[in-house]
Amino acid sequence: MNSLDPRVNRLPEINEPVSPKAPLDQFGTFEVFVQPKEGKPFQHEGIVHAPNLELAYVLAKEAFTRRFTCTSLYVVDTRDVFISPMTEGDKNTYDYIQEPPEKADIGSSFEIYHLAKRGKQHVHAGTVQAGTPQQAMAQARQQFKTDKVIYNVWAIETDKIRFTTAEEKELWLTLPEKKFRDASDYKGGDKLKEFLEKMIK
Amino acid sequence: MYGGGNTFEGIKTDSLAQEDPAKLAEFEARIERGEKIEPSDWMPQLYRRQLIRMIEQHAHSEIIGALPEGTWITRAPGFKRKMALMAKVQDEVGHAQLLYSAAETLGKSREQMIEDLITGKSKYSNVFNYPTFTWADCCFISWLVDAGAIVNQLANAKGSYGPYCRALDRICAEESFHLKYGHHCVIYLASGSAKQRQMFQEALNRWWAPMMHFFGPSDKISAHTEVLMRWKVKMGTNDEMRNQFLDMYVPKIWELGFTIPDPNLKKNPETGKWEYTEPDWEEFKRVINGGGPCNKERLEVRRIAEARGKWVREALKSNKTAYVTPLA
């Protein structure tokens, strides 16, 4: 190549075709949830693709908690997220979920997420005990349904989640020190004023 | 960073005829009320296709846009500028990830998008097909190309597709640092030595035409925006976006004592609109179709990166996970 950048010119020639790509690159999909501040609920932030849960966690940290305050992060395989029907207007998604049976199994714990405003993120509503995701939805209806319309509910089995450990919380301690990534660190006003005054003279 | 508007596919008048009229009316009413469309909602095929195209091009622009600036990281003047530029370039690549995810919710896999980028099938913003000769070119991108991108992105963040809007909210928040950093760099060049001033003036001369191209062809020649505006896929015409950029940044460029290389550039006090020499849209077309000074290099760098990363992806391959469409 004939680039202005000598490093680009040093790149090796690639003799084999890179396209069409083999399907091996298609990593799994993982949903990412972030707690922006201590005491605030977790909220859905987006996805990463990764070959396993552990790498999904590492990639999620880079993609979603690089710039803004964060106290905790977790990831889960998208296939482990159980979803209710999406509703709109004054229709509550909980009305499409059945009441729990009287003798419900409480084998596992599930994290329940609510979409309270269309267009916004799903936010953590609480934890329920149930045997299956369907039963978890039913439990959530019993525990969390209010007059407020909820458009979509997610239920995630707690055991399937890769949480942040206590030691890992240190990951975000240095975020406030990295001022060079804040707009507020680039105050050019004084320099500009001085320059403009000099220009007028 | 992204210049929008220019690359929608032509809309055939019959493409809406096959849609269910009741569903279409409901869909349009929802947008009219200012509600967002979510991945599980019904949407016309045309809406889906145009959004995939737009978000995908935006993602490619971020990933390719990291290259002309990235090349200056090792040569940025001083430790602070290096740190900032590195963080900025990392942000751009991060934005590509967010945008690819948003496009995936519409049903096109990331694999396919990367494939379409490196084979040259998909487009990205024209502006990144020009070289960064000096540090001042890099400063021009950081300040003014990002400024143009923010004009587009802030508008698009009010669009109708939920996942795209959420990605853009995050991107815009991160980019406020880019803009301030870029302006800071240019103020330092402007108030520096005669040589530094000259360096930025030369960069400005080189970049003005690509910057005017950035917002896409003039409304006079760019048709098919009406339905996209009604569906809030496109939030302003190309000329409106260009005018907004000129309104915000021409005074700031003049304030620093630089000359914009267009003798006809002035604001019409009656219409409140900027007047300028019509950009060369033939040049624009030539560059978008692969004829720009750096098209080949940009794609080649991506292609090499793809090939060199292959062994890593192969080593990580696992059948315990599976690609599925993201939820939101």
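Procedures and definitions
- Residues numbered from 1 in each chain as written.
- Chains lettered and ligands numbered in written order.
- Predicted model: local features only at pLDDT ≥ 70, side-chain atom pairs only at ≥ 80, totals over all residues.
- Helix = DSSP H or I, 4+ residues; strand = E, 2+ residues; numbered from the N terminus.
- Rg over C-alpha atoms; globule rule 2.2 N^0.38 Å.
- Buried ≥ 20, exposed ≤ 12 C-beta atoms within 10 Å, placed from the backbone.
- Contact = placed C-beta atoms within 7 Å.
- Pairing = 2+ DSSP bridges.
- Nonpolar A, V, L, I, M, F, W, Y, C, P; charged D, E, K, R; others polar.
- Expected span 1.5 Å × (residues − 1).
- Domains from an automatic or database assignment.
- Core = buried A, V, L, I, M, F, W, Y, C linked by C-beta atoms within 7 Å.
- Axes fitted to C-alpha atoms, helices over the stretch in contact; angles between N-to-C directions.
- Parallel < 35°, antiparallel > 145°, perpendicular 65-115°, else oblique.
- Left-handed = near helix turned anticlockwise from the far one by under 90°.
- pLDDT = per-residue confidence, 0-100.

**Q** Describe the overall build of chain A, and please don't skip the residues or the numbers.
**A** Secondary structure assignment for chain A yields four helices and seven strands. What you see in chain A, going N to C, is helices and strands ordered as α-β-β-α-β-β-β-β-α-β-α. Against the compact-globule benchmark of 17 Å for 201 residues, chain A has a radius of gyration of 24 Å, which places it well outside the compact range. Dimensions of chain A, computed from C-alpha atoms along their principal axes, come out at roughly 80 × 55 × 40 Å. Counting across all 201 residues of chain A, residues that qualify as buried make up 33%.

**Q** Account for the overall build of chain B, with residues named and values stated.
**A** When helices and strands are counted, chain B shows twelve helices and two strands. For chain B, the α and β elements follow one another from N to C terminus as α-α-α-α-α-α-α-α-α-β-β-α-α-α. In summary, chain B has a C-alpha radius of gyration of 20 Å against a globular reference of 20 Å for 328 residues, a match within 12%. Along the longest, intermediate and shortest principal axes, the C-alpha atoms of chain B span 65 × 60 × 35 Å. A total of 328 residues make up chain B; the buried ones form 45% of that total. In chain B, 79% of the contacts between residues at least 6 apart in sequence involve partners at least 24 apart.

**Q** Before we move on, could you go through the pairing of strand S3 (residues 72-77) of chain A and cite the residues and values that matter?
**A** All names here are of chain A. Of all six residues that make up S3, six are buried, and the element is covered over most of its length. Side-chain alternation along S3 places Ser72, Tyr74 and Val76 on one buried face and Leu73, Val75 and Asp77 on a second face that is also buried. The pairing of strand S1 (residues 28-35) with S3 spans six bridges and is classified as antiparallel. The partner of Val34 across the bridge, within S3, is Leu73.

**Q** Would you mind going over the interface of chain A and chain B in detail, with residue names and values included?
**A** The partner chain B presents 57 residues to the 47 residues of chain A that form the contact. Among the elements of the structure, S1, strand S2 (43-50), strand S4 (81-83) and helix H4 (189-200) of chain A are those that each provide at least two residues to the side of chain A that touches chain B. Of the residues in the side of chain A that touches chain B, the class split is 21 nonpolar, 14 polar and twelve charged.

**Q** Can you explain helix H11 (residues 295-308) of chain B? Please cite residues and give values.
**A** With 14 residues, H11(B) extends 20 Å from end C-alpha to end C-alpha; this agrees with the ideal 20 Å at 1.5 Å per step. Among the residues making up H11(B), those that are buried are B:Asn295, B:Glu297, B:Arg298 and B:Val301. Where H11(B) is buried, its residues meet helix H1 (6-9) of chain A together with helix H2 (45-70) and helix H10 (281-291) of chain B.

**Q** Can you tell me about the domain arrangement of chain A, naming the residues and giving the values?
**A** All names here are of chain A. Looking at chain A, the domain boundaries give domain 1 (21-79) and domain 2 (84-160). Each of domain 1 and domain 2 has a C-alpha centre, and the two are 22 Å apart. Where the side of domain 1 that touches domain 2 is concerned, the elements lending two or more residues are S2 and S3. Partitioned by chemical class, the residues of the side of domain 1 that touches domain 2 number three nonpolar, two polar and one charged.

**Q** How would you explain helix H3 (residues 133-144) of chain A if you had to name every residue and give the values?
**A** Note that an α-helix has 3.6 residues per turn; residues three or four places apart therefore point the same way. Residues and elements named next belong to chain A. Given a rise of 1.5 Å per residue, twelve residues ought to cover 16 Å, and the 16 Å separating the end C-alpha atoms of H3 matches this to within 8%. Among the residues of H3, Gln135, Ala136, Met137, Ala138, Gln139, Ala140 and Arg141 are the ones counted as buried. Packed against the buried residues of H3 are strand S5 (108-115), strand S6 (123-130) and strand S7 (152-157).

**Q** Let's hear about unusual backbone geometry: which residues, and what values?
**A** In this model, B:Lys232 sits at a positive phi of 55°, which is unusual for a non-glycine residue. Mapping B:Lys232 onto the fold places it in the loop between helix H8 (226-230) and helix H9 (238-255).

**Q** Tell me what's going on with the nonpolar core, and back it up with residues and numbers.
**A** With 77 residues, the main nonpolar core has B:Leu99, B:Cys139, B:Phe140 and B:Val186 as its most contacted residues. By residue number, the principal contributor to this core is helix H5 (residues 135-156) of chain B, which donates 13 residues. Discounting chain neighbours no more than four positions away, the residues touching B:Leu99 are B:Ile55, B:His58, B:Ala59, B:Glu62 and B:Ala167. Grouped together as the second largest cluster of nonpolar side chains are 39 residues, A:Ile47, A:Tyr57, A:Tyr113 and A:Ile150 included.

**Q** I'd like a rundown of the environment of B:Ala147, residues and numbers included.
**A** All names here are of chain B. With respect to the helices and strands, the residue Ala147 is situated in helix H5. A C-alpha to C-alpha distance of 26 Å links Ala147 and Ile114, two positions 33 residues apart in sequence. Those residues in contact with Ala147 that lie beyond four places of it in its chain are Leu179, Phe245 and Tyr249.

**Q** Account for the environment of A:Asp90, with residues named and values stated.
**A** Residues and elements named next belong to chain A. Mapped onto the elements, Asp90 comes out in the loop between S4 and S5. Residue Asp90 is classed as exposed on the basis of its C-beta count, with 6 C-beta atoms lying within 10 Å. Each C-alpha atom of the pair Asp90 and Tyr151 lies 8.8 Å from the other, and the pair is 61 residues apart in sequence.

**Q** Run through the packing of H2(B) against helix H3 (residues 79-104) of chain B, naming residues and quoting values.
**A** Residues and elements named next belong to chain B. One way to put it is that H2 packs onto H3 with a least axis distance of 8 Å and a crossing angle of 165°. Here H2 lies roughly antiparallel to H3, going by the angle between them. The handedness of the crossing between H2 and H3 comes out as left-handed. Residues Ile52, Ile55, Glu56, His58, Ala59, Glu62, Ile63, Gly65, Ala66, Glu69 and Gly70 of H2 lie in contact with H3, whose contacting residues are Leu85, Lys88, Val89, Glu92, Val93, His95, Ala96, Leu99, Tyr100, Ala102 and Ala103. Class assignment of the residues belonging to the contact of H2 with H3 gives a composition of 13 nonpolar, four polar and five charged.

**Q** Describe the confidence of the model for chain B, listing the residues and the values that go with them.
**A** When pLDDT is averaged along chain B, the result is 92, and 95% of the positions lie at 70 or above. Two numbers describe this predicted complex: its pTM, 0.94, and its ipTM, 0.92.

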